[in-house]
Amino acid sequence: MVDKHNKGHVLITVATGELSSSEADRAGLVPTHAYALLDVKEVLGKRLCLLKNPWSHLRWKGRFSEHDTKNWTPELKEALRYDPRNAQMFDNGVFWIDYDSLLHFFSVIYLNWNPEMFKYTYCLHQTWKAGLGPVKDLYNIGENPQFCLDLKSAGCAVWVLLTRHIVDRDDFAENKEFIAVIVYKNDGNKVYIPTDPEPYIDGVRINSPHYLCKIVVPPGGTTRYTLVVSQYEKSHTIYYTLRAYATCPFTLSYIQNVFKYKHEIKNGEWTSETCGGCGNNPQTYHKNPVYQVSLQSSSDDNHLLVDLKGPKQFYVGFEVVTVTVNNSSSPGYFSRKSSGAFRSGFTILELRNVPAGTYNVIPSTFSPGQKGPFFLTFQASCPIKVCRLK
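Here the structure is a predicted model, which means the values were calculated and not measured.

### Digging into the overall build of the chain
Along its length, the chain carries 6 helices and 23 strands. C-alpha extents for the chain along the principal axes are approximately 90 × 45 × 40 Å. Taken over 390 residues, the chain has a buried fraction of 46%. Put simply, 78% of the contacts in the chain that link residues at least 6 apart link residues at least 24 apart. Surface summary for the chain: the accessible area is close to 20300 Å², and the carbon and sulfur share equals 51%. Here the chain carries 42 positive and 36 negative side-chain charges, and the mean point of each set is 5 Å from the other.

### Some words on the pattern of salt bridges
Counted under the stated rule, the structure contains 14 salt bridges. A salt bridge links Arg-336 to Glu-319, with the nearest nitrogen and oxygen atoms 2.9 Å apart. On the criterion of sequence distance, the pair formed by Arg-336 in strand S18 (residues 336-338) and Glu-319 in strand S17 (residues 315-325) is long-range, its members being 17 residues apart. The exposure class assigned to Arg-336 is partly exposed, which follows from its relative accessible area of 45%. A single network of salt bridges, built from pairs that share partners, joins Asp-150, Lys-152, Asp-187 and Arg-224.

### Quick word on the pairing of strand S15 (residues 291-295)
Counted residue by residue, S15 has 5 buried out of 5 residues, so it is predominantly covered. By the alternation rule, side chains of S15 split into Tyr-291, Val-293 and Leu-295 and Gln-292 and Ser-294, which are all buried. As paired elements, S15 and strand S21 (residues 357-365) share 4 bridges and run antiparallel to each other. Each residue of the ladder has a partner; that of Val-293, found in S21, is Tyr-359. Bridge analysis of S15 against strand S23 (residues 384-388) gives 5 bridges, and the strand direction is antiparallel. Bridge pairing in S23 places Tyr-291 opposite Arg-388.

### Here we look at the nonpolar core
Residues Leu-149, Leu-151, Ile-215, Leu-227 and Leu-252 are the most contacted members of the largest nonpolar core, which totals 28 residues. Elements with a contribution of two residues or more to this core: strand S6 (120-128), strand S7 (146-151), strand S8 (156-164), strand S9 (178-184), strand S10 (210-217), strand S11 (224-232), strand S12 (238-246) and strand S13 (250-254). Residue contacts for Leu-151: discarding those within four places in its chain leaves Cys-156, Val-158, Val-217, Thr-223, Tyr-225, Cys-248, Pro-249 and Phe-250. Of all hydrophobic cores here, the second largest spans 26 residues; its members include Leu-295, Phe-334, Tyr-359 and Phe-374.

### Describing the layout of surface pockets
Counted as a void, the second largest pocket has a volume near 410 Å³. Taken together, Leu-111, Asn-112, Trp-113, Pro-115, Phe-118, Trp-159, Leu-161, His-210, Tyr-211, Leu-212 and Tyr-245 make up the lining of the second largest pocket. In the lining of the second largest pocket, the residues fall into 9 nonpolar, 2 polar and no charged.

### What to know about the side chain of Thr-241
In this structure, Thr-241 sits in strand S12. A relative accessible area of 11% places Thr-241 in the buried class. For Thr-241, the contacting residues outside a window of four places in its chain are Cys-123, Leu-124, His-125, Leu-161, Leu-162, Thr-163 and His-165.

### Some points on the sheet that holds S13
The sheet built from 4 strands is open, its strands ordered S9-S11-S7-S13 with antiparallel pairing. The open sheet has two free edges, formed respectively by S9 and S13, since each of these has just one partner strand. Going across the sheet, the axis of each strand differs from the next one's by a mean of 20°, ignoring polarity. As paired elements, S7 and S13 share 5 bridges and run antiparallel to each other. Its bridge partner lying in S13, Phe-147 is registered against Tyr-254.

### With respect to the packing of aromatic side chains
Taken as a whole, this structure holds 13 aromatic pairs when the rule is applied. Judged by centre distance (4.7 Å) and plane angle (35°), the ring pair of Trp-72 and Tyr-82 falls under tilted. With a gap of 10 residues between them, Trp-72 in the loop between strand S3 (46-52) and helix H3 (74-80) and Tyr-82 in the loop between H3 and helix H4 (84-88) connect regions that are remote in the sequence. Here Trp-72 matches Tyr-82 in class, with each residue buried. Ring geometry for Phe-147 versus Tyr-254: centroids 5.3 Å apart, planes at 75°, classification edge-to-face. Of the two residues, Phe-147 is situated in strand S7 and Tyr-254 in strand S13; the sequence distance between them amounts to 107 residues. The exposure class assigned to Phe-147 is buried, which follows from its relative accessible area of 0%.

So, how was this worked out
Residues numbered from 1 in each chain as written. Predicted model: local features only at pLDDT ≥ 70, side-chain atom pairs only at ≥ 80, totals over all residues. Heavy atoms only, no water. Helix = DSSP H or I, 4+ residues; strand = E, 2+ residues; numbered from the N terminus. Buried < 20%, exposed > 50% of the residue type's maximum accessible area, 1.4 Å probe, protein only. Contact = heavy atoms within 4.5 Å. Areas by Shrake-Rupley, 256 points an atom, 1.4 Å probe, with all protein chains shown as cover. Lys, Arg positive; Asp, Glu negative; His and termini not counted. Charge placed at Lys NZ, Arg CZ, Asp CG, Glu CD. Salt bridge = Lys/Arg side-chain N within 4 Å of Asp/Glu carboxyl O. Pairing = 2+ DSSP bridges. Core = buried A, V, L, I, M, F, W, Y, C linked by side-chain atoms within 4.5 Å. 1 Å grid on protein atoms, 1.4 Å probe; cavity = no way out; pocket = protein on both sides within 12 Å on 5 of 7 lines; lining within 4 Å. Points joined across faces, edges and corners; volume = space filled by probe spheres on them. Nonpolar A, V, L, I, M, F, W, Y, C, P; charged D, E, K, R; others polar. Axes fitted to C-alpha atoms, helices over the stretch in contact; angles between N-to-C directions. Phe/Tyr/Trp six-rings, centres within 6.5 Å; stacked < 30°, edge-to-face > 60°.

See the structure below:
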């Protein structure tokens, strides 16, 4: 604080928390009130802050106040060029307070950094339409705006600022849009399940127009991140700016949707004849529905996205089994893949660099005998053909 304040890099304010009336009277402080920090010093072994009550009256009554006769030594008064007697003549709301007392009576220190400290900065202006994606992103964030932050070196710091544009007076007065930026160590790739992988930096959704996130990258640390814009109970289209400030070169880019082709199964159902459960039940697993998807391409670098939605009370998942492929030597070739841990009501699997061919998809609930509807959606970077085998 001393170093950056003296260099003019930071504007500092502090705020009190809840104080009882008697405590506030004894301390000379206003509960839940902001104060400006005019100066910060470390002299003669003392750490002191010069604060100003914006009311221009009502001052601190504790240690190093103008009425403190114990701590103001002649040497300290000379070092700070401060005369408590003169200060007693006029209450202008300005007072010295020691740092330990500040930490005890104040609940927040706000550090407002000068953006010019950061040599590298870049911003993107975007729109997030109200009807795009689920209202709550508790299960699926695949349709949330996502960005790749690619740092060109480690051992640096990055501040990411999300600013929601206020478009009218009522929006400002009754702001009900809660926003945040979630940071993932996912190598700049898209994230679909909020907890897979676990967020590197998660945050509380707030209804302030601004949300600020700090990423400190140690030497040798991760340099590619996925940034996800999150909004609690999205009901309106929002316009926003995402800006990054860094101490090292970087790129910030929107993660584009590569899936141009889509096929939805809206009438899927696990019936008494087809509710076979997961692979842990070999006697019944073969009863599950089977859908076949063919990638209509000659390429080996196709992308396929499959998602399954079912009743929330069921844990659902699926397997993808290779039937035939054009090139079994392709790095993306596999014989069988799973959507992973069975999840409540929703799961999704992205397959990258898949060779052209035919694949079977087997949706199931974790336990056999669970009857209910499901939706199965296929998205691909190439034309696809989907049919049901059984």
